[in-house]
Amino acid sequence: MKIALVTGGSRGIGKAIAVRLGSDAYHVIVNYRTNESEARDTLERIRSAGGSGELLSFDVSNAQEVSRALDQWHDANPDKKISILVNNAGLARDNLMVFMSDQEWKDVMATNLDSFFFVTRHLLQNMLVGKWGRIVNIVSLSGQKGLPGQVNYSASKGAMIAATKSLAMEVGKKRVTVNAVAPGFIRTDMTKDLDEKQLSALVPLRRFGEPEEVAEVVSFLVSEGASYITGEIISVNGGMYS
Ligand code: NDP
């Protein structure tokens, strides 16, 4: 059974991805930072759908914590390898750039971008040795077209898009694919304070998306069926941008 790690699997899009991959018959490692009760809920949902999984708490923005947690997991599971990685954990700290604090810039870059580097680097070697792997980065419409108030967030996601393309070129010869999914407005805690009715008018499909609609694309990208797709950025944005 293939093993998938989903970062930020306790809530929102990560929860839907973890549950979906569980029902696709992967063993799912559900990462989270603080919200253990929601992470347990994800695991319950995986199990009640007939899947298997486990929890692994670590802060994706902290290089030492990432290494420690993943080394401990490998020590406890010497015969197993994580061959599917979904870099989903992320946060937004919106502000106009003229008012943006150093902390707002650093927190977003650390959680959204540094995390991609720390977690992916750690798991990549085994994927290369095993000559099979799937990496899916959850980026954003904001990193493709830019959004006011999100200079930090757009920069982090835009950089992740560029990194997706470069890494795909590095590791393709070892049958490791690297793709990104770029959601628009998806109904989660991250968007709960937005005016959904007003913003839906900007979406050609006239509504916010559901986390499960992002999970569907991730499910495809990690499957054997997607074995000739790499370096792609797939939008799930109701037609807002292409
Ligand atoms: P939520 O705020 O609903 O959930 C964020 C998740 O990330 C939680 O599980 C949280 O864990 C986890 N997380 C945050 N920081 C860390 C950290 N340092 N270490 C480990 N886990 C962490 O976000 P969404 O589900 O909305 O977003 C998921 C991804 O999708 C993000 O990368 C986001 O940028 C992207 N996205 C979202 C869009 C949307 O409209 N919702 C649109 C475009 C992109 P915990 O529960 O423990 O706090």
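From a predicted model like this one, the values you see are computed outputs, not experimental measurements.

What counts and what doesn't
Residues numbered from 1 in each chain as written. Predicted model: local features only at pLDDT ≥ 70, side-chain atom pairs only at ≥ 80, totals over all residues. Heavy atoms only, no water. Buried < 20%, exposed > 50% of the residue type's maximum accessible area, 1.4 Å probe, protein only. Helix = DSSP H or I, 4+ residues; strand = E, 2+ residues; numbered from the N terminus. Contact = heavy atoms within 4.5 Å. 1 Å grid on protein atoms, 1.4 Å probe; cavity = no way out; pocket = protein on both sides within 12 Å on 5 of 7 lines; lining within 4 Å. Points joined across faces, edges and corners; volume = space filled by probe spheres on them. Nonpolar A, V, L, I, M, F, W, Y, C, P; charged D, E, K, R; others polar.

> Looking at this structure, how should I read helix H8 (residues 211-221)?
Count 3.6 residues to each turn of an α-helix, and residues three or four apart come out pointing the same way. If you check which residues of H8 are buried, you get Pro-211, Val-214, Ala-215, Val-217, Val-218, Ser-219 and Leu-221. Structurally, H8 contributes buried residues whose contacts are with helix H1 (12-23), strand E4 (82-87), strand E5 (133-138), strand E6 (176-183) and strand E7 (233-236).

> Could you clarify how one ought to interpret empty space enclosed by the protein in this entry?
With a probe scaled to a water molecule rolled over the atoms, the places where space remains empty come into view. Applying the stated criterion across every chain, the model contains one cavity of 30 Å³ or more. Taken as a whole, the largest cavity encloses approximately 30 Å³ of empty space. Lining the largest cavity are Thr-7, Val-60, Asn-87, Asn-88, Ala-89, Ser-115 and Phe-116. Taken together, the residues of the lining of the largest cavity break down into three nonpolar, four polar and no charged.

> Which parts of the structure should I look at to understand the environment of Leu-56?
By secondary structure assignment, the location of Leu-56 is in strand E3 (residues 52-57). A relative accessible area of 13% means that Leu-56 is categorised as buried. Residue contacts for Leu-56: discarding those within four places in its chain leaves Ile-29, Val-30, Asn-31, Tyr-32, Ala-69, Leu-70 and Trp-73.

> When you look at the layout of surface pockets in this model, what are you seeing that I'm missing?
Estimates place the volume of the largest pocket at around 1200 Å³. What lines the largest pocket is a set of 46 residues, among which Gly-90, Leu-91, Ala-92, Thr-188 and Met-190 lie closest to the centre. Those elements giving two or more residues to the lining of the largest pocket turn out to be H1, strand E2 (27-32), helix H4 (102-130), helix H5 (141-145) and helix H6 (151-171). The leading source of residues in the lining of the largest pocket is H1, at three residues. Partitioned by chemical class, the residues of the lining of the largest pocket number 20 nonpolar, 18 polar and eight charged. Here the second largest pocket is characterised by a volume of approximately 170 Å³. For the lining of the second largest pocket, the leading source of residues is H1, giving three residues. Within the lining of the second largest pocket, the residues separate by chemical class into two nonpolar, one polar and six charged.

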